[in-house]
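# A look at the structure
What follows is the residue order along each chain.
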Amino acid sequence: MELQDYRKKIDEIDAQLTTLFTERMQTAAQIAAYKKEHGLSVLDAGRERQKLSEIAKLVPEEFEDATLSLYSLIFELSRGYQNRLLGANAELPKKIEEAIETTPQLFPPKAIVACQGVEGAYSQQACEKLFRTPNVFYFSTFDAVFSAIEQGFCQYGVIPLENSTAGSVNKVYDLMTKHKFSIVRSVRLKVDHALLALPGTKLGEIKEIYSHEQAISQCAQFLQKLGDVKIIRCENTAAAAKFVAESGRRDIAALAARSCVGLYGLECLKASVQDQGNNYTRFICISKKLEIYPGADRTSLMMVLPHKPGSLYKVLSRFYALGVNLNKLESRPMPERNFEFMFYFDLDTSVYSPQFIQLMGELQSISEEFSYLGSYSEVV
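The rules behind each value
Residues numbered from 1 in each chain as written. Predicted model: local features only at pLDDT ≥ 70, side-chain atom pairs only at ≥ 80, totals over all residues. Heavy atoms only, no water. Pairing = 2+ DSSP bridges. Helix = DSSP H or I, 4+ residues; strand = E, 2+ residues; numbered from the N terminus. Axes fitted to C-alpha atoms, helices over the stretch in contact; angles between N-to-C directions. Contact = heavy atoms within 4.5 Å. Core = buried A, V, L, I, M, F, W, Y, C linked by side-chain atoms within 4.5 Å. Buried < 20%, exposed > 50% of the residue type's maximum accessible area, 1.4 Å probe, protein only. 1 Å grid on protein atoms, 1.4 Å probe; cavity = no way out; pocket = protein on both sides within 12 Å on 5 of 7 lines; lining within 4 Å. Points joined across faces, edges and corners; volume = space filled by probe spheres on them. Nonpolar A, V, L, I, M, F, W, Y, C, P; charged D, E, K, R; others polar. Parallel < 35°, antiparallel > 145°, perpendicular 65-115°, else oblique. Left-handed = near helix turned anticlockwise from the far one by under 90°. Salt bridge = Lys/Arg side-chain N within 4 Å of Asp/Glu carboxyl O.

Turning our attention to the sheet that holds strand 9 (residues 252-257). If you trace the 5 strands from one edge of the open sheet to the other, you get 8-7-9-6-10, paired in mixed fashion. Only two strands of the sheet have a single neighbouring strand rather than two, namely strand 8 (230-233) and strand 10 (267-270). Across the sheet, the mean angle separating the axes of adjacent strands is 35° when strand polarity is ignored. Where helix 10 (residues 237-247) meets the sheet, it contacts strand 6 (193-197), strand 7 (208-211) and strand 9, and its direction lies at approximately 145° from that of strand 9.

Next comes the structure, spelled out in C-alpha cells:
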C-alpha cells in the first residue's frame, strides 16, 4: 500500500469515530435528562472507574495507557456537557454576564486607591498610569492593601505581581489565596533603579544599601561589583529612600526610583543600575466589586486541583479544545497541605466569546477549589 492509501484508511476511521462520538454525546444528553428527572448526580465515580477497567481490557496492552487517557478525557467532556445542559455551575457565568452589563463604559479617571509603601513608590507610578487623578493612601504591607479593599476603605488597590527579570512577587500570590477581590485592570511599568544617598556622599563611602528584595534581585550584578557592602532588605524601595534621607548617615544608600531624589532631598550616585535595561513590573488594580470594563481580553484564575495524575492536563486540555491561549501558569505550595499546590492562570481570551462563558462553567467541576479573579485589559 502507498502512503495515500493509509491516509485514506485513517480518514475513513476518523469519519466513524466522529459519528460515534456525536452519538455518544447525544446519548449523554439523554442520560442528563434522566438524571435530572430522578434527582441523580451527574458524577458517578464508581461507574466511571468500572468503565475504565472494562475499556482497558478491550485493547492490546501497548495501547492501554493511551486508551485510558483518551476515555478519561471523553468522560470529562461528557460530564461537562451534562452539567451545561442541566444549568449546573451557571452562577459564575451569570455573574460575569451581569458584571459586563453593569460596569460603566469608561474606567474611572479618579478614585481612592490603596498602595503599599510611601510617596515615591513604584506602586504610585503605576497608580498614576491607571488613574488620571488618584487619591492615594499608603499602607505598610501588601496584606493591609488587600484588607483596605475588602473593608471598603479604598475603592481600588494597586500592587505588583511580577517582574520581567526577577519573577513573581511571591508574597502577593500567597495573599491572593487569603483575600476576596477582583482584578479590574493591569499595567506594565518600566522600572529604572538608581542608587540614592545624601547630597555630597561618595560611592566609596557606602557601607550599607537598603531596598526591596525585588529591586535587590534586579540589581544583583551591580551590587556584586561594589564588594563588601551590606545589603539590607526593607518593605519598599521608596521607604528605603525615605529612611536614608531621615537617617543623616553618609555611609548608606538606597535602591529606588529617581523620582525619590526630589521627594526626599537625595542625590543620585548612579542611575539605571538594574541588570537588564528591559526591566518591567506588572501591577494589578484590584477592587472589592467585580467590574469588567469594555475591551477586557485577559482573565485570571486560581485553582486547587485534585492531587492525582492528569489533573493539570485536564485543565490545559480544556483551554486547548476551546482555543484559549495561556499567558501565564504559576504554582504556589499550600502551607496547610503537604505537597499540594495552588495554580494561578492568566488566559488570553475575550470575555465576550461563548467559549469563555462555557469554560467558566466547566472549570469549577474539575477543581477542588476555584477562584475567578477577574477579566480586564492591560495598560502598557
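Right, let's talk about the nonpolar core for a bit. Of all hydrophobic cores here, the largest spans 26 residues; its most connected members are Phe-146, Ile-159, Val-172, Met-176, Ile-183, Ile-286 and Tyr-344. When residues of this core are traced back to their parent elements, those giving at least two are helix 6 (142-150), strand 3 (156-163), helix 7 (170-176), strand 11 (280-287), strand 12 (298-304), strand 14 (341-348) and strand 15 (369-376). The dominant element in this core, judged by the number of residues it contributes, is helix 6, at 5 residues. Excluding anything up to four places from it in sequence, Met-176 contacts Phe-146, Leu-161, Phe-181, Met-302, Tyr-344 and Leu-373. Counting residues in each nonpolar core, the second largest holds 25 residues, with Ala-296, Phe-356, Met-360 and Phe-370 among its members.

Here we take up the layout of surface pockets. Considering only enclosed or pocket space, the largest pocket measures out at about 700 Å³ in volume. As for the largest pocket, its lining consists of 26 residues, and the residues nearest its centre are Glu-48, Glu-76, Arg-79, Lys-308 and Lys-314. For the lining of the largest pocket, the secondary structure elements donating two or more residues are helix 2 (45-56), helix 3 (64-86) and helix 12 (311-321). Among the elements that take part in the lining of the largest pocket, helix 3 stands out by supplying 8 residues, more than any other. Taken together, the residues of the lining of the largest pocket sort by class into 11 nonpolar, 8 polar and 7 charged. The calculated volume of the second largest pocket comes to roughly 590 Å³. Contributing to the lining of the second largest pocket are 24 residues, with Lys-180, Phe-370, Ser-371, Tyr-372 and Leu-373 lying nearest its centre. Among the elements of the structure, helix 4 (91-102), strand 12 and strand 15 are those that each provide at least two residues to the lining of the second largest pocket.

For the rest of this paragraph, the subject is the packing of helix 4 against helix 13 (residues 354-362). At a closest axis distance of 7 Å, the pairing of helix 4 and helix 13 adopts a crossing angle of 140°. In terms of orientation, helix 4 and helix 13 fall into the oblique class. Side by side, helix 4 and helix 13 meet where Leu-92, Pro-93, Ile-96 and Glu-97 of the first sit next to Phe-356, Ile-357, Met-360 and Gly-361 of the second. Broken down by class, the residue content of the contact of helix 4 with helix 13 amounts to 6 nonpolar, 1 polar and 1 charged.

With that out of the way, let us pick up the packing of helix 3 against helix 12. Where helix 3 meets helix 12, the axes come as close as 11 Å, and the angle between the chain directions of the two elements is 60°. Seen along the crossing, helix 3 lies across helix 12 with a hand that is right-handed. Contacts between helix 3 and helix 12 pair Leu-73, Glu-76 and Leu-77 from the former with Tyr-313, Lys-314, Ser-317 and Arg-318 from the latter. Of the residues in the contact of helix 3 with helix 12, the class split is 3 nonpolar, 1 polar and 3 charged.

Three or four residues apart is the spacing at which side chains of an α-helix point the same way, because the helix has 3.6 residues per turn. Restricting attention to buried positions, one finds in helix 13 the residues Phe-356, Ile-357, Leu-359, Met-360, Gly-361 and Glu-362. In this fold, the buried residues of helix 13 make contact with helix 3, helix 4, strand 12, helix 12, strand 14 and strand 15.

Let's shift gears to the pattern of salt bridges. Counting across every chain of the model gives 19 salt bridges. Arg-188 is the salt-bridge partner of Glu-378, the closest N and O atoms lying 3.6 Å from each other. Placement of Glu-378 in strand 16 (residues 378-379) and of Arg-188 in strand 5 (residues 182-190) is noted, with a sequence separation of 190 residues between them. The partly exposed category is assigned to Glu-378, whose relative accessible area is 23%. Through salt bridges with shared partners, a single ionic network connects Glu-162, Arg-188, Arg-282, Arg-298, Lys-328, Glu-330, Asp-346 and Glu-378.

Glancing now at empty space enclosed by the protein. Evaluation of the coordinates by the stated rule reveals 1 cavity of 30 Å³ or more. When its volume is computed, the largest cavity comes out at roughly 250 Å³. Lining the largest cavity are 20 residues, and of these Tyr-122, Pro-160, His-212, Gln-214 and Phe-283 lie nearest its centre. Elements that contribute at least two residues to the lining of the largest cavity include exactly helix 5 (122-130), strand 3, helix 8 (213-218) and strand 11. Of the residues belonging to the lining of the largest cavity, the class tally is 8 nonpolar, 10 polar and 2 charged.

Its identity is not glycine, yet Ser-272 carries a phi of approximately 50°, on the positive side. Secondary-structure assignment places Ser-272 in the loop between strand 10 and strand 11.

Strands belonging to one sheet form pairs held by backbone hydrogen bonds; the direction of such a pair is parallel or antiparallel. Ordered by their spatial adjacency, 4 strands build an open sheet running 13-14-12-15, and the pairing between neighbours is antiparallel. The sheet is open, and its two edges are formed by strand 13 (325-333) and strand 15, each paired on a single side. Shown here is a sheet whose adjacent strand axes are inclined to one another by a mean of 15°, direction ignored. Bridging between strand 13 and strand 14 involves 8 bridges; their strand directions are antiparallel. Paired with Ser-331 across the bridge in strand 14 is Phe-343. Where helix 13 meets the sheet, its contacts fall on strand 12, strand 14 and strand 15, and the angle it forms with strand 15 comes to roughly 155°.

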